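# Breakdown of the fold
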Amino acid sequence: MVEKGDTICILEAKEIANKYEQAKSDLDNAKAEYRKTEAQLNLNTQLLIAQKETIEASEAIKKLDSIQQKFVSNSRKQIIGLELKKAELEKQKVVNRLNSLKKINKSKLSQKQIKIKQAENQLSSAKSLLNQLIITAPNSGTFLRAKQRRSNKLINEGDIVWGGMAIAKIPNSASYQVKFFLTEQECKQIEKDFPFEGHSKSNEIITGLIKNKAPVGKPVEENSEVKVFEVIAKIDSINFEPKPGQSVGCDIITKSIPDAYIIPLLAVFPEDSMQVVYVAHQNKFEKRSITIAYKNAIQAVVKSGFTAEEKIALIKPHKNLILKKDTSDE
C-alpha cells in the first residue's frame, strides 16, 4: 500500500545523470569566469585611477613651481608651461580611457552574465530530466508491478525499460475490471457487451459486461505454442471490496433467449424438414412441431411447441402409442 506522493520507482539513466553533472560543472565554470573577469576589470580600472592620481599630483607640483616663474629665466618659464600642458593632456587621456573602460567592463560582464544564465537554464533542464527518473505515486492505493510483454514476467530491479513501457500500476478503486485468459475457441464464442456473472471464493457476487478482447493471442509461457487470448470485462455491480489480482469464478453468457425451455437433444426428432417432440397425453403421445432457437451437441433451446407443465418422450414412442389427428367432419 502506498500513499500519494510516495516514491515507488527510481530509474537509472547514466546519460541523463552525466548531462546533469556536466551542466553543474558548466555553471560553476561560468560563475568562476565571471568573477575572474570582474576582478581583472576592477584591477585595470584601479590602475588607471592610480595613473590619473599620479598625473594630478605631478601637475600640482608643476603648478607650485610656476609660482617661482618670476624668479627664473624665460626659457625655464616656457618649459614649466609646456610640462603643465603635457600633464593636462595625459590626464585627459587617462580620464577618456576610464570612461571607455566603464563601458567595456559593463559589456564584458553582461556577456559573462548571459553565459551564466544559459548554464543555469541547461542545469534546470537537466535537473528536470533527472527528477523524471524518480516516479511517485499519483494517488493512494495498492502498488503492483507490471509485466513484461514478451516474457510475461513481473518487472524487477535491474530490468531495462524503454519509453511507453508500463513498469507499475496503482488500480483505481473507483471502478474494477476482470481479466480472462481464454483459448481461441472460447474467445470466438464471445463478443463485446456480452454479460457475465461471477463470484469470489467467499461467494460475493459481481456482474458486468465484456469490454474488449485481444485480437492476437500470446503464449501461456515462454516458447510455448499454446496461446491464450486476453479478454477484459468491466464490472458494473459488486457487493464487496476486491483486492487487485484477486481471483474470481465467472460465467460468460454467450446467448440469452427469454421464455424458452431447454430439453435434451435426444428428445427432438426430425420429420419432413421439421423438428418434432412427442408430448405425453394420458396414456399416449401427441406429436408436435417445435421451434428451436439454439442447440448444441446435447441440448436444444425450444421457443414454442409445448409448455413447462407437459412431459415429453426421450425416445420415439411406438406408432400404436401416437395419437392420430381426426380428419372427419365431426
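These figures come from a predicted structure and were not determined experimentally. Within any chain, residue numbers begin from 1 and follow the written order of that chain's sequence. With the structure being a predicted model, the display of local features is reserved for residues of pLDDT at least 70 and the display and counting of side-chain atom pairs for 80 or more, all residues being used for whole-chain, interface and lining totals. Side-chain measures were taken over the full set of non-hydrogen atoms in the model, leaving aside hydrogen atoms and water.

One open sheet accounts for 3 strands, arranged S12-S13-S14; its pairing is antiparallel. Only two strands of the sheet have a single neighbouring strand rather than two, namely strand S12 (269-271) and strand S14 (284-289). Adjacent strand axes in the sheet meet at a mean angle of 45°, parallel and antiparallel pairs treated alike. As defined by bridge partners, strand S13 (residues 274-281) adjoins S14 across 6 bridges and the pair is classed as antiparallel. In the strand pairing of S14, Ala 280 is matched with Phe 285. Two strands are said to pair when DSSP picks up at least two bridges between them. Secondary structure follows DSSP: runs of H or I at least 4 residues long count as helices, runs of E at least 2 residues long count as strands, and numbering of each begins at the N terminus. Lines fitted to C-alpha atoms define the axes, with helix axes restricted to the stretch in contact, and inter-axis angles between N-to-C directions lie between 0 and 180 degrees.

Our focus in this paragraph is unusual backbone geometry. Of note, Asp 272 is a non-glycine position whose phi angle comes to about 50°, a positive value. In this structure, Asp 272 sits in the loop between S12 and S13. Of note in the backbone geometry, Gln 282 takes a positive phi value of approximately 55° without being a glycine. Turning to its location among the elements, Gln 282 is positioned in the loop between S13 and S14. Burial status follows relative accessibility: with a 1.4 Å probe on protein chains alone, a residue under 20% of its type maximum counts as buried, one over 50% as exposed, and anything between as partly exposed. Exposure remark for Gln 282: the relative accessible area of 75% places this residue in the exposed category.

Geometric values such as these leave the question of function open.
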